[in-house]
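Geometric and topological summary
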Amino acid sequence: METLETVTASLDGAVGTITVNRPEVRNALSKTVLSEIGAVLDAWEDDGAVSAVVFTGAGEKAFVAGADIGQLAGYDLAYGLAAQMQKLFDRVEEYPKPTIAAINGVAMGGGLELAMSCDIRIAADGAKMGLPEATLGVLPGAGGTQRLTRLVGTGRAVEMILTSRALTAAEAERYGLVTAVVPREELAATAAATAATILSKGPLAVRLGKLVIRQGAETDQKTGLLLERLAQTLLYTTEDKAEGAAAFLAKRRPEFVGR
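Now for a description of the structure that goes with this document. None of the values given here were measured: they were computed from a predicted structure.

Let us look at the pairing of strand β5 (residues 99-103). Of all 5 residues that make up β5, 5 are buried, and the element is covered over most of its length. Side chains T99, A101 and I103 of β5 all project onto a buried face; the interleaved residues I100 and A102 project onto the opposite face, where all are buried too. Of the strand pairs in this sheet, β5 and strand β7 (residues 120-124) are connected by 4 bridges, and their pairing is parallel. Paired with I100 across the two strands is I120, which belongs to β7.

The geometry of helix α1 (residues 31-45) relative to helix α4 (residues 84-94) is characterised by a closest axis approach of 10 Å and an angle of 25 degrees between their N-to-C directions. In terms of axis orientation, α1 runs roughly parallel to α4. For the element pair α1 and α4, the recorded crossing hand is left-handed. Residue-level contacts link K31, L34, S35, I37, G38, L41, D42 and E45 of α1 to Q84, M85, L88, F89, R91 and V92 of α4. The residue makeup of the contact of α1 with α4, split by class, is 7 nonpolar, 3 polar and 4 charged.

Moving on, we get to the sheet that holds strand β6 (residues 106-108). The strand order across the open sheet formed by 4 strands is β4-β6-β8-β9, and the pairing between neighbours is mixed. Lying at the two open borders of the sheet, with one neighbouring strand each, are β4 (62-64) and β9 (167-168). Where β6 lies against strand β8 (residues 128-130), 2 bridges are found, and the strand directions are parallel. The residue of β8 that forms the bridge with A107 is M129.

Within soluble globular proteins, side chains that are nonpolar tend to cluster in buried spots. Counting residues in hydrophobic clusters, the biggest one holds 44 residues, and the most contacted among them are F55, I103 and M129. Excluding residues that lie within four positions of it along the chain, I103 makes contacts with F63, A115, R121, I122, A123, A124, A127, M129, V178 and L187. Among the nonpolar cores identified, the runner-up in size contains 11 residues, and A102, V182, A191 and A195 belong to it.

Close contact between helix α10 (residues 203-216) and helix α11 (residues 221-236) brings their axes to 9 Å; oriented N to C, the two are set at 170 degrees. When the axes of α10 and α11 are compared, the pair comes out roughly antiparallel. Together, L204, A205, L208, V212, Q215 and G216 of α10 and G224, L227, E228, A231, L234 and L235 of α11 make up the contact between the two elements.

Rules of the game
- Numbers given to residues run from 1 along each chain, matching the order in which its sequence is written.
- Predicted model: local features are reported for residues with pLDDT of at least 70 only, side-chain atom pairs are reported and counted for 80 or more only, and whole-chain, interface and lining totals are derived from all residues.
- Computation of side-chain values covers all heavy atoms of the structure but excludes hydrogens and water.
- Accessibility here uses a 1.4 Å probe with only protein chains present; expressed as a share of the type maximum, an area under 20% marks a residue as buried, one over 50% as exposed, and anything in between as partly exposed.
- Starting at the N terminus, helices and strands are each numbered in turn, a helix being any DSSP run of H or I of at least four residues and a strand any DSSP run of E of at least two.
- Note on pairing: two strands pair once DSSP finds at least 2 bridges between them.
- All axes here are fitted lines through C-alpha atoms, helices being fitted over the stretch that makes contact, and every angle between N-to-C directions spans 0 to 180 degrees.
- Angle categories: roughly parallel below 35 degrees, roughly antiparallel above 145, roughly perpendicular from 65 to 115, and oblique for all the rest.
- Handedness of a crossing follows from how the near helix is turned relative to the far one, being left-handed for an anticlockwise turn of less than a right angle and right-handed for a clockwise one.
- Contact criterion: two residues are considered in contact whenever any of their non-hydrogen atoms come within 4.5 Å of each other.
- Only Asp, Glu, Lys and Arg are considered charged, only Ala, Val, Leu, Ile, Met, Phe, Trp, Tyr, Cys and Pro nonpolar, and every remaining residue, Gly among them, polar.
- We define the nonpolar core as a collection of buried residues of types Ala, Val, Leu, Ile, Met, Phe, Trp, Tyr and Cys that are connected through side-chain atoms lying within 4.5 Å of one another.

Listed below in structure tokens is the structure:
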């Protein structure tokens with residue numbers, strides 16, 4: 001990767017962490033940030049040393065506070081149609097490796113949209129989350145209207161978007177927007193432990209599980225069940241399935257190879 005200016009990319013074991021590193025502006029998402037996140041994802045997608053990705057923000061205050069308002073003022077029709085942020089977050093959602101948002105502070109607008117594109121969201125107890133775009137005369141345009149609805153339901157999504165109300169971490173957990181709330185000092189360790197748990201499972205099962213859940217949620221149940229059946233049938237033919245069964249019967253840890 002070329003030198004990064006607005007994000008940092010680090011690796012701890014098989015877990016890569018992408019940290020938005022603009023604490024002076026509460027880690028606002030500029031065009032450069034989006035480009036650099038994409039570059040890291042490019043580099044890690046086919047890198048066998050990276051098996052999961054954690055997203056977080058630098059500093060004590062923010063995960064990602066939202067779009068860079070200085071740049072937002074110049075957005076126009078062409079930029080809206082290009083949908084750079086929406087396309088990046090679609091890519092995060094479809095990334096072949098598990099993704100975790102470690103929400104260490106404020107996650108507003110594009111910051112919450114980034115978190116919602118991840119597979120799992122874990123929040124620090126002081127975090128706040130919301131989609132305040134209507135106060136600027138625009139909508140959450142990077143997946144917010146769609147992902148929030150699927151996570152918390154239509155009624156709550158409409159209320160949050162139209163009023164711009166921010167949720168506390170406890171409210172977000174109650175709504176189903178985040179999967180866990182932990183003390184801030186435990187957030188990084190909790191995200192790492194969650195990633196380690198996922199990586200102890202069969203990698204093909206994890207990858208196909210992501211695919212079937214995501215695609216099944218976008219179709220009718222009968223089609224979703226067909227996707228599930230086909231994925232399971234494929235997994236039945238793998239070395240990992242044989243290893244998983246053998247390890248269980250022998251009362252030992254499985255040694256998966258991703259085949």
